Amino acid sequence: MKKWQIKTKKDWCIAFLFAFLIICVLAEYKFSWTNDFLQKFFPDKMNYTCQPKGYAVFLLIVAGMTIFTGIVLVLKKKSVKLLAGLIGVSILLCIGTVSVFQYHCRLIVRMPEKSEPQSADLHDWNTDFSPELSKEETKKLSELMYALKPLPKEAQEKLNQKEWNGGIHIWLTYPEKYGQSYWMIAEVEDGAIRMSKNGGMPYVFYEDNGVLDYLEQFYESVDGI
């Protein structure tokens, strides 16, 4: 029985193609931790539900192919300069990918500047009440939510030490653009407005700019009907 060996350039092309396909499949199924890593680069008001797809998988493919190619270079006793060049190119690719990812996210969170929300969903977890908003009410709430500014770092740390259980859930939906829909999601509880990038803690808390008064007046008008 003949032992299979990689000798010719054609053999190497087939080997690299085979390795690339395997790495692509693995990256497609194991990209969740890379998604978590990319969430560290989210701009303000971005969250995991509208995270652009593909970037996490591409980073894993770059890392996988770099490791595979590096092993091949070492086994074939290629120069250290060639190995260093491979690592350098891979690092530049990763930095470029993260930069494009950040830019893409910034475009997504700026959708409220150019598009009116398609809908606004409110749900009070304490009363299990979900009132409907008119188009004008939805637009006003969107403007207030988009204009929110984060609280100072000290206030963020203090509020993140408290236990939060719900309050009023706000979900604003915007039309798809730049290959991705955008959902602005927030919770209002005990006079605090918060959002989450990853679906949990730490939260980002915001300085009230009229959102609390607007919601109070809206709920009072609904209760009066």
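Residues numbered from 1 in each chain as written. Predicted model: local features only at pLDDT ≥ 70, side-chain atom pairs only at ≥ 80, totals over all residues. Heavy atoms only, no water.

### Quick word on a negative patch on the surface
A cluster of acidic residues, Glu207, Asp208, Asp213, Glu216 and Glu220, forms a negative patch on the protein surface. Top contributing element to the negative patch by residue count: helix α8 (residues 211-223), with 3 residues. When you line up the elements, Glu207 lands in strand β6 (residues 203-207). (Patch = residues over 30% accessible without salt bridge, like charges linked within 9 Å, V, L, I, M, F, W, Y side chains within 5 Å. Areas by Shrake-Rupley, 256 points an atom, 1.4 Å probe, with all protein chains shown as cover. Salt bridge = Lys/Arg side-chain N within 4 Å of Asp/Glu carboxyl O. Lys, Arg positive; Asp, Glu negative; His and termini not counted. Charge placed at Lys NZ, Arg CZ, Asp CG, Glu CD. Helix = DSSP H or I, 4+ residues; strand = E, 2+ residues; numbered from the N terminus.)

### A few points about the environment of Ile61
Mapped onto the elements, Ile61 comes out in helix α3 (residues 55-75). Look at Ile61 and you get buried, because its relative accessible area is 15%. C-alpha of Ile61 to C-alpha of Asp190: the two residues are 129 residues apart in sequence and 45 Å apart in space. Sequence-distant contacts of Ile61, that is, excluding residues within four places in its chain, are made with Phe20, Ile23, Cys24 and Ala27. (Buried < 20%, exposed > 50% of the residue type's maximum accessible area, 1.4 Å probe, protein only. Contact = heavy atoms within 4.5 Å.)

### Thoughts on the packing of α3 against helix α4 (residues 80-109)
Closest axis-to-axis distance for the α3/α4 pair is 10 Å, and the angle between their directions is 180 degrees. Classified by the angle between their axes, α3 and α4 sit roughly antiparallel to one another. Listed contacts from α4 to Tyr55, Phe58, Leu59, Val62, Thr66, Thr69, Gly70, Leu73 and Val74 of α3 are Leu82, Leu83, Leu86, Ser90, Leu93, Cys94, Thr97, Val98, Val100, Phe101 and His104. (Axes fitted to C-alpha atoms, helices over the stretch in contact; angles between N-to-C directions. Parallel < 35°, antiparallel > 145°, perpendicular 65-115°, else oblique.)

### Some remarks on the packing of aromatic side chains
Enumeration according to the criterion identifies 8 aromatic pairs in this entry. Between Tyr55 and Phe101 the ring centres are 5.3 Å apart and the planes differ by 70 degrees, which places this aromatic pair in the edge-to-face class. Remark: Phe101 occurs in helix α4 and Tyr55 occurs in helix α3; sequence separation between them is 46 residues. The burial state of Tyr55 is the same as that of Phe101; both residues are buried. Relative to Phe205, the ring of Trp164 lies with its centre 5.4 Å away and its plane at 45 degrees, an arrangement referred to as tilted. One end of the pair, Trp164, is in the loop between α7 (153-159) and β3 (168-177); the other, Phe205, is in strand β6, and 41 residues separate them in sequence. Accessibility assignment for this pair places Trp164 and Phe205 in one class, buried. Ring pairing ties together the aromatic residues Phe42, Tyr55 and Phe101, which thus form one cluster. Cation over ring: Arg194 sits above Tyr203, and NZ or CZ is 5.0 Å from the ring centre. (Phe/Tyr/Trp six-rings, centres within 6.5 Å; stacked < 30°, edge-to-face > 60°. Lys NZ or Arg CZ within 6 Å of the ring centre and 35° of its normal.)

### A closer look at the sheet that holds β3
Strand order in the open sheet made by the 6 strands is β1-β3-β4-β5-β6-β2, with antiparallel pairing throughout. Looking at the sheet topology across the chains shown, the edges are occupied by β1 (119-124) and β2 (149-150). Here 8 bridges tie β3 to strand β4 (residues 180-189), and the two strands are oriented antiparallel to one another. Considered in β4, the bridge of Tyr174 is made with Tyr182. The strands that helix α6 (residues 135-146) touches are β1, β3, β4 and β5 (192-196); relative to β3, the one it contacts most, it runs at about 95 degrees. (Pairing = 2+ DSSP bridges.)

### Here we look at the layout of surface pockets
It is the rolling of a water-molecule-sized probe over the atoms that shows where space remains empty. In this structure, the largest pocket occupies an estimated 250 Å³ of space. Taken together, 15 residues make up the lining of the largest pocket; nearest its centre are His169, Ile185, Glu187, Ser196 and Gly199. At the level of secondary structure, the elements contributing two or more residues to the lining of the largest pocket comprise β3, β4 and β5. (1 Å grid on protein atoms, 1.4 Å probe; cavity = no way out; pocket = protein on both sides within 12 Å on 5 of 7 lines; lining within 4 Å. Points joined across faces, edges and corners; volume = space filled by probe spheres on them.)

### Here we look at unusual backbone geometry
Positioned with a positive phi, Lys45 is a non-glycine residue whose angle comes to about 75 degrees. Within the element layout of this structure, Lys45 appears in the loop between α2 (32-38) and α3. Despite not being glycine, Tyr178 has its phi angle at roughly 55 degrees, a positive value. Within the secondary structure, Tyr178 sits in the loop between β3 and β4.

Note that every value here comes from positions in space, so none of it alone points to a role or purpose.
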